[in-house]
Every structure is written in structure tokens, then in C-alpha cells.
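Given next are the chains, with one letter for each unit.
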Amino acid sequence: MQRATSNRIQSTTQSYDASDRKILRSLAYRYADVSLESRNAEKRDLHRASNDLKMKRPVVLIDELPWNEMNIDNALTLQCEDPYLRSVEWSLRTALYKRKYFPADAFFPHFVRVQKVVESSGIGIEVKEETLSVDPTNHIVAHHYNDLLAIEGELEKLHLPEIRYNEAETMRRYSLLGELIGDILPIRLSGLDTFYVVVWDDIACYRGVTNLLMDLADRPDFMHQIADKLFQIERSYLDQMENLGLLDIGGDLLHCTPMLTGDLPGKDFDGNKVTRKDIWGRGAAQIFASVSKTMHEEFDIEYMIPTIGQCGLTYYGCCEPLDKKIDIVERIPNLRKISITPWANVDIAAEAIGKKYVLASKPNPASVAVPMLDGENLKKEIKRILDAGKRNGCAMDIVLKDISTCNGRPQNIFEWEKIVMAMVESY
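Note that the coordinates shown come from a computational prediction; the quantities given were computed from them, not determined experimentally. (Residues numbered from 1 in each chain as written. Predicted model: local features only at pLDDT ≥ 70, side-chain atom pairs only at ≥ 80, totals over all residues. Heavy atoms only, no water.)

A. Structural context of the sheet that holds strand E15 (residues 335-340). Spatially, E3-E17-E16-E15-E14-E13-E10 is the arrangement adopted by the seven strands of the open sheet, whose pairing is parallel. In this open sheet, the two edge strands, each paired with only one partner strand, are strand E3 (59-62) and strand E10 (194-197). The sheet shows a mean angle of 20 degrees between the axes of neighbouring strands, direction not considered. Summarising the sheet, strand E13 (residues 280-283) and strand E14 (residues 313-316) pair through four bridges and their orientation is parallel. By the bridge assignment, Arg 282 is partnered in E14 with Tyr 315. (Pairing = 2+ DSSP bridges. Helix = DSSP H or I, 4+ residues; strand = E, 2+ residues; numbered from the N terminus. Axes fitted to C-alpha atoms, helices over the stretch in contact; angles between N-to-C directions.)

Structure (C-alpha cells):
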């Protein structure tokens, strides 16, 4: 139902709903209290120490959550009418929820971000798919992708994108939040703090997984042509973002893991213009869980070297097991962090990683997707991770993520946090 127009306030620059203002201000006051807690400085130091390979203890974070199953006492129920203000409301509500129920080592910055609005002309194709879901409230669905790049001629559709900065919309949002809650929390403009490249994940969506894997074996030259085009597009995106002054050093999370480090920005940073040498590069090829080390190196690592390898520090891997592929991953320049998934052998990975890189461990999210958390099995899993890291002198973070469901019992996640935090605090 639309609210009455009489409920709207007309400022000198724009109008907004009086109820939206009241809702956001109430949340902002609560978040400001959280962001001023002394624990935040301690957590920031933990994050930085881990990424600087001077770990005090492993950092624990929880992200990528089944929020649709976790709405206790309507704490996550959105009330704002304005679409943009609803997104800000959501970020405040989820932050407050995390702090109350499962804070782990998360810290809460004393400001609200306004992401710079960046628009793209596109690359010539868009994913065409069919989806199937058994739960309309869950964004995790089954996908069937149509093959858009089945023959060489279809590669002609691909072109470099034209990137544009929509400064007018960005500043409208910035001014609006400043007027609504700027007296409670600082409002900060944010740009691109991570150059995130997952070309093979994209190809899986443009072609379908089966077609991709079959053609890696049957038509390797054709797959190189596809990869070359899409990696060119990624490099063009970075070039344009850098030239437009849209790179940023103000982030705090690197795809669910700690981002803070004393090694960024780079030594040549002049305090004004942020370059690719001042930000993180992030790469992965999850579909390559099913290919050999040789193929993984040829079709992804070789392309990552001149792509994310241009950045000041790099983080590689996601859900693909890398325990037996560390030697090819470390060919990427400025490597600092490697993802080790539940499907990798953490003992083998930790021995190969040693003190050279951060071991970004991902415990199995299936542990919380059950009617009741099995605490003893969880302790065994985390103990093995901690023992492997300690034995090999690894800097580590432990991130519970990719949580498709908690079986309708958010307490599983709350209990997971308490058990794991107790273990790392006695590390």
C-alpha cells in the first residue's frame, strides 16, 4: 500500500517519506552505538595481523547467510518504502542482527557507505537461463543455462564494455543519506576496492557446465578464444575504473574474508589517486574443481597473471579444491591469500602454504543445515583446521559461508559461532 503523499517531506534537494526517515534514524542510532564499541579496534587489529602474516590468532567470520530463514522477532523485516533506502535499511538491520546473535570477529565501521553508481554498456551477451526453486524465499535455485557461445562465429557478439560513472545518482543518494542520518553517522562514498575476476564461472553461465567441460577437452583452441575475449573484457573494465578514479582503499571485507592489511595501499600511493597497485585482486575458477592441475594452469592461472596479478595483493580460490595445486596458484604475482574449501585436504594445503600465504579456510556449511548442530563433529572439523595451521605456522582465517539453509533453525549458526570462537580464543 502506498503511503499518503502528505507523509512526504520536501527538502531543498529532494523528497522522502517521513516514516522512512524515522525508521532509518532509529536503526542508525542503534548501529552507531555498535560501531563505537571498543571491540571494533581489537577486531580490526586481528584482521590486519592475519593478512600481514603476523597472525595473533585465526580470524572467524560468518557470511553468505540464509536470511530468509532467520527473521527472529521481525528484526529483518524491511519497513522503508523507498527502494534505495530499503537497501540501506537492510544493511543496518543485518549488521545489528550479526552483532546480537553471531558477531564472531566481525567489526562494524563507524560510517554508512554509499557505493558509487557505475553503469556499463554490456559486453554483447547476457545470460539466458531457466531456474527451478522449491522455496520462493531463497535465492539459491537450480539453473539450466542456454549455450550462447557454441560456435566461433558467436564470439563476434562479444565486445569491450563502456563504463560510465553516474555521478548525479551517486550524489543524490549521498545527499539523501546525509540529510536523513548524517548527524548520527558519517556518510562515506565508496568505489571498487577489489578487482574480482571469475571468468570461468561466467563462461559456465554463458555456455552451461557440461558444454564448458566437454569443449575444454574436445576444442581447447576454441575455449582459449573464449577465455582470451573475456579476460580482455575484465582488463578493460579495470583500466576504465582506474582512469575514471573509481578505485577505492576503504573496504573491510574481501569476499567474506578479512581485507585489512598494512601492505595496501602501495608504497607509491600519493594519498589521492588510487591505482590497481593499491587494491586487492581476487580470482577463482570454481568449475575447475573437475579438471587437472595442468588444465587449470593453462586455462586460468596463465590468464590471471596479467589480470588480477596487476593488483597490489591477490587472493585466489573459492569452492575449487586447491590443496594439490598450490604450486600453480603461487605463480600469480603478489599472492597473499589462498582459499581452502571443505573439499580440500587442509593438512596437505597447510603444508604447502606454510608461512608464505594466508590459509583462508572454509569449514563445511552442511554442519548448520541440519535439525540440530552436532557440536562434537564440528569441534573435530575445526580442530583439524587449527592443528594443520599451527603445525605449519600458517596465518589463517576461518569463514563459514555458502550457507544455503540452516534448516529453519538459525540457532545452528549461533551455536556454531560460540563453539568456534571458544576454540580460536584458546588457540
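B. Representation of the side chain of Asp 252 within the structure. Examined against the element boundaries, Asp 252 turns out to sit in the loop between helix H7 (220-243) and strand E11 (253-254). In terms of polar contacts, Asp 252 uses its side chain to reach the side chain of Arg 113, at 2.7 Å. When near neighbours in sequence (up to four residues on either side) are disregarded, Asp 252 contacts Phe 107, Pro 109, Arg 113, Thr 257, Pro 258 and Met 259. (Polar contact = N/O pair within 3.5 Å; in protein donor to acceptor, adjacent residues only side chain to side chain. Contact = heavy atoms within 4.5 Å.)

C. Summary view of the state of the cysteines. The full count for this structure, using the stated rule, is zero disulfides. Here Cys 256 stays unpaired: no disulfide links it, and the sulfur of Cys 318, its closest cysteine neighbor, is 7.9 Å away. Taking the relative accessible area as the measure of exposure, Cys 256 reaches 7% and is therefore buried. In this structure Cys 319 is a free cysteine whose sulfur lies 4.2 Å from that of Cys 318, the closest cysteine sulfur available. You can call Cys 319 partly exposed: its relative accessible area is 22%. (Disulfide = S-S within 2.5 Å. Buried < 20%, exposed > 50% of the residue type's maximum accessible area, 1.4 Å probe, protein only.)

It is worth stressing that arrangement in space is one thing and function is another; only the former is reported here.
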